[in-house]
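Secondary and tertiary structure notes
Chain residues, written in single-letter form:
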Amino acid sequence: MTRRKLLIGNWKMFKTATEARAFAAGLNTESGAKQAAASVDLAVCPPFTAISALADALPEYVKVGAQNVYFEEQGAFTGEISAAMLADNGVTFAIVGHSERRTLFGETDEAVGKKAVVAVKHGLTPVICVGENLAERDANQTAEVVARQTRAAIAGLSSEQVAASVVAYEPVWAIGSGRTPEPEDAEAVIDGIRKVISEEKGSAAAKSVRILYGGSVKPENIAAFGAQPNIDGALVGGASLEASSFARMATALSGGN
Ligand code: PGA
């Protein structure tokens, strides 16, 4: 089973629609990104307000994702955005359960599972984020925490739906900190996530699901993570904001320099 590598940028609360268009224009001049796209899937997740502009302006080999999605179909949920609304705006991926959503906005394991279900229902690929915080890591609870988060996130999905989904292992202490685990340590955790998925949904799903590493990934370190057998790419925050940096990461993940 060969899994295509995947690079996803998570812009968090950065960039207006105008700034997003400038990123797209910059990426169009980066020949490396286009070459890398022959072997690596590429996507950018801007704020909701820049989705439409980015979907129009990005080269066709870069997909657009959302950073969040609400689990209800429609209704009196002020401030929320549904999966159907995202799909209608050209969105392909939806990040669910990012640690900033979990810690700052009270997103529970149960809500993450419901979000994954509604995303799939509307043809979006969920990017399910899991990861331990520093206290959990220090208490040797990493495997247990990511197993619990993974089980809850995939509970409502069929084996086939899990096979087509994406999981991102993002240790909370590595996000935005400049610190990363050793690639071998991330590999061990991700191997554990695949085992949990195999137990819950069968070995075919575990072999097909793409699992990314995230947390302080940059052009200089992405290849080392991507070289691990169970790591299928990266979810990148800060280093995805500049077109040149995004293109360099795409190239490095594709095996070039
Ligand atoms: P970072 O963020 O690359 O800036 O550490 C990663 C993420 O939060 O997805």
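Residues numbered from 1 in each chain as written. Predicted model: local features only at pLDDT ≥ 70, side-chain atom pairs only at ≥ 80, totals over all residues. Heavy atoms only, no water.

**Remarks on helix H8 (residues 142–154)**
Taking 1.5 Å of rise per residue, the 13 residues of H8 would be expected to cover 18 Å, and the 18 Å separating its terminal C-alpha atoms lies within 8% of that figure. By the burial criterion, the buried members of H8 are Thr142, Val145, Val146, Ala147, Gln149, Thr150, Ala153 and Ile154. (Helix = DSSP H or I, 4+ residues; strand = E, 2+ residues; numbered from the N terminus. Expected span 1.5 Å × (residues − 1). Buried < 20%, exposed > 50% of the residue type's maximum accessible area, 1.4 Å probe, protein only.)

**What about the packing of helix H1 (residues 17–28) against helix H13 (residues 243–253)?**
The geometry of H1 relative to H13 is characterised by a closest axis approach of 8 Å and an angle of 50 degrees between their N-to-C directions. Classified by the interaxial angle, the pair formed by H1 and H13 is oblique. Remark: the crossing between H1 and H13 carries right-handed chirality. Every residue of H13 that contacts H1 at Phe23, Gly26 and Leu27 is listed here: Ala243, Phe246 and Ala247. (Axes fitted to C-alpha atoms, helices over the stretch in contact; angles between N-to-C directions. Parallel < 35°, antiparallel > 145°, perpendicular 65-115°, else oblique. Left-handed = near helix turned anticlockwise from the far one by under 90°. Contact = heavy atoms within 4.5 Å.)

**Remarks on the environment of Val196**
By secondary structure assignment, the location of Val196 is in helix H10 (residues 183–201). Through-space distance from the C-alpha of Val196 to that of Val146 is 9.3 Å; in sequence the pair is 50 residues apart. Apart from residues lying up to four places away in sequence, Val196 is in contact with Ala147, Thr150 and Arg151.

**Quick look at the side chain of Ser82**
As for its placement among the helices and strands, Ser82 is situated in the loop between strand S3 (62–66) and helix H4 (83–88). Residue Ser82 is classed as buried on the basis of its relative accessible area of 6%. Reaching out from Ser82, the side chain makes a polar contact with the backbone nitrogen of Met85 at a distance of 3.2 Å. Once residues within four sequence positions are removed from consideration, Ser82 is found in contact with Val69, Tyr70, Glu72 and Glu73. (Polar contact = N/O pair within 3.5 Å; in protein donor to acceptor, adjacent residues only side chain to side chain.)

**Overview of the site of the ligand**
The ligand sits among 13 residues. The nearest are Lys12, His98, Glu170, Gly176 and Ser216. The side chain of Lys12 places a nitrogen or oxygen atom 2.7 Å from an oxygen atom of the ligand. In the environment of the ligand, an oxygen atom lies 2.6 Å from a nitrogen or oxygen atom belonging to the backbone of Gly176. In isolation the ligand has 280 Å² of accessible area, and contact with the protein removes 95% of it. A per-class count over the shell around the ligand returns 4 nonpolar, 7 polar and 2 charged. (Near = heavy atom within 4 Å. Areas by Shrake-Rupley, 256 points an atom, 1.4 Å probe, with all protein chains shown as cover. Nonpolar A, V, L, I, M, F, W, Y, C, P; charged D, E, K, R; others polar.)

**A closer look at the pairing of strand S2 (residues 40–45)**
For S2, a buried count of 5 out of 6 residues is recorded, marking the element as mostly surrounded by other parts of the structure. The pairing of strand S1 (residues 5–10) with S2 spans 6 bridges and is parallel. Opposite Asn10, over in S2, you have Cys45 as the bridge partner. Pairing between S2 and S3: 3 bridges, direction parallel. The partner of Ala43 across the bridge, within S3, is Lys63. (Pairing = 2+ DSSP bridges.)

**A few points about the nonpolar core**
Counting residues in each nonpolar core, the largest one holds 68 residues, and the members touching the most others are Leu7, Leu27, Leu42, Tyr169, Ile193, Ile197 and Tyr213. Broken down by element, the residue count for this core peaks at 7 residues, all from H13. The residues touching Tyr213, leaving out its near neighbours within four places in the chain, are Tyr169, Pro171, Ala174, Thr180, Pro181, Ala186, Ile190, Phe225, Ile231, Gly233, Ala234 and Leu235. With 12 residues, the next largest nonpolar core counts Cys45, Val127, Ala168 and Leu235 among its residues. (Core = buried A, V, L, I, M, F, W, Y, C linked by side-chain atoms within 4.5 Å.)

**Here's the deal with the pattern of salt bridges**
Enumeration over the complete set of coordinates arrives at 15 salt bridges. For Asp41, the salt bridge identified is with Arg210, shortest N-O distance 2.8 Å. You can see Asp41 sitting in strand S2 and its partner Arg210 sitting in strand S7 (residues 210–214), a full 169 residues away along the chain. Relative accessible area serves as the criterion here: at 15%, Arg210 is assigned to the buried category. Ionic pairing is found between Arg151 and Glu199, a salt bridge with its closest N-O pair at 3.4 Å. Taken together, the residues span a long stretch of sequence, with Arg151 in helix H8 and Glu199 in helix H10 at a distance of 48 residues. When its relative accessible area of 59% is taken as the criterion, Glu199 is described as exposed. (Salt bridge = Lys/Arg side-chain N within 4 Å of Asp/Glu carboxyl O.)

**Focus on unusual backbone geometry**
The phi dihedral of Lys12 is positive, around 55 degrees, even though this residue is not glycine. Take Lys12: it is sitting in the loop between S1 and H1. In this model, Ser216 sits at a positive phi of 60 degrees, which is unusual for a non-glycine residue. Topologically, Ser216 is positioned in the loop between S7 and helix H12 (222–226).

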